[in-house]
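Residues per chain, in single letters:
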Amino acid sequence: MGLFELFSESQDMGIDLGTANTLIYMPGKDIVLDEPSVIAIDEQTKEAIAVGKEAQRMLGRTPKNVRTIRPLKDGVITDVKETEMMLKEFIKKVRGNSNLTRSRIIIGVPSGITSVERRAIEEAMETSGAIDNIEFIDEPVAAAIGAGLPVDEPVGSMIVDIGGGTTDVAVLSLQGIVLSDSVRIAGDEITESIKRHLKRNYNVIVGERSAEQLKTEIGSAYPMDDEPQGMEIRGLNVVSGLPKTVNITTVEIRECIADTVGLIVDAIKKTLEQTPPELAGDIIDRGIMLAGGGALLRGLDSLIANETGIITHVAPNPLRCVVYGTGKVLEEYERLNRSSRKK
């Protein structure tokens, strides 16, 4: 039975299929699902035994017959079958036994997505019978709409959507992207920078969850007055093979992620340099808007403002900007459908 064949009741849906998290919005119901993009699969039966939060808790703690993975990388699908299984379970959580064949589905995708990558998303949803009703929207456009930027007005707005796998930088006006840049550097690479630092300087290997904890609790991109001093982290000593606890400072984390964060800042500068003067003037007046989970990195807005000379804001609820944008397009379909979406 295909991905969505179990469902029969029509209802539109906006999906932010992210590297780190999958969110689903349904008009009239708000966000009905917000879960990590993780699936645990039984290697013997090839069936999903957990998805989302439950599967994330299993990371690094499963027996040999269970494989826990994130089936998306850099904002795109790396394994169609596993993504299909994950989506099927997510949809079952929010839709029960209803059908999507008469539903309109809008999915946010990175602005730099290739035709091959987009086809992978289509294949993951192809068995639904709703493929003719599936539309794509560039994530920076959706994020800008969700953040409340005036994208349908003849003024320039800059959005920087920092997700798990990609950072999309875009200048928008009149519902369209004037210019954009998409780099495969985002929250995941910042986390990897922390893991590399611990292994190189302390001979300690930590899992993704521990590195993520360091990033969210003491990580910063710019010196702050109220920043924490540091924290203890436990990992595996690569020399002795035994558990080891080390103390990591905020300054260490800031220094070890500086190069990675710098690539994001460079993408913003590059886009600004190519922006037409009239739109650049609008951006100087209105500022730069940050969205996505990466926007929550402490001090990132201050770093970007310092490097560009332009005031930088963090969107309200940045983790949900893309899915709220897809929802607004669904709710105002006729007005927003002309130029913000791509088939």
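Residues numbered from 1 in each chain as written. Predicted model: local features only at pLDDT ≥ 70, side-chain atom pairs only at ≥ 80, totals over all residues. Heavy atoms only, no water.

The protein carries the name Cell shape-determining protein MreB in an unreviewed UniProt entry, which gives Cyanobacterium aponinum 0216 as its organism. The UniProt entry for the protein carries this comment under Function (unreviewed entry): "Forms membrane-associated dynamic filaments that are essential for cell shape determination. Acts by regulating cell wall synthesis and cell elongation, and thus cell shape. A feedback loop between cell geometry and MreB localization may maintain elongated cell shape by targeting cell wall growth to regions of negative cell wall curvature." The protein has a UniProt comment under Subcellular location (unreviewed entry) that states "Cytoplasm". (UniProt positions renumbered as here; feature names shortened; annotations may be inferred.)

1. Comments concerning the packing of helix 2 (residues 80–95) against helix 3 (residues 115–125)
At a closest axis distance of 8 Å, the pairing of helix 2 and helix 3 adopts a crossing angle of 50°. Here helix 2 lies oblique to helix 3, going by the angle between them. Taken as a pair, helix 2 and helix 3 cross one another with a handedness that is right-handed. Between helix 2 and helix 3, the contacting residues are Val80, Thr83, Glu84 and Leu87 on the first element and Ala120, Glu123, Ala124 and Met125 on the second. (Axes fitted to C-alpha atoms, helices over the stretch in contact; angles between N-to-C directions. Helix = DSSP H or I, 4+ residues; strand = E, 2+ residues; numbered from the N terminus. Parallel < 35°, antiparallel > 145°, perpendicular 65-115°, else oblique. Left-handed = near helix turned anticlockwise from the far one by under 90°. Contact = heavy atoms within 4.5 Å.)

2. Some points on the pairing of strand 9 (residues 105–109)
A large share of strand 9 lies buried, amounting to five of its five residues. Covered by surrounding structure in strand 9 are Ile105, Ile107 and Val109 together with Ile106 and Gly108, the residues of both alternating faces. Sheet topology places strand 1 (residues 13–17) next to strand 9; four bridges connect them, and they run parallel. Within strand 9, the position partnered with glycine 14 by the bridge is isoleucine 106. (Buried < 20%, exposed > 50% of the residue type's maximum accessible area, 1.4 Å probe, protein only. Pairing = 2+ DSSP bridges.)

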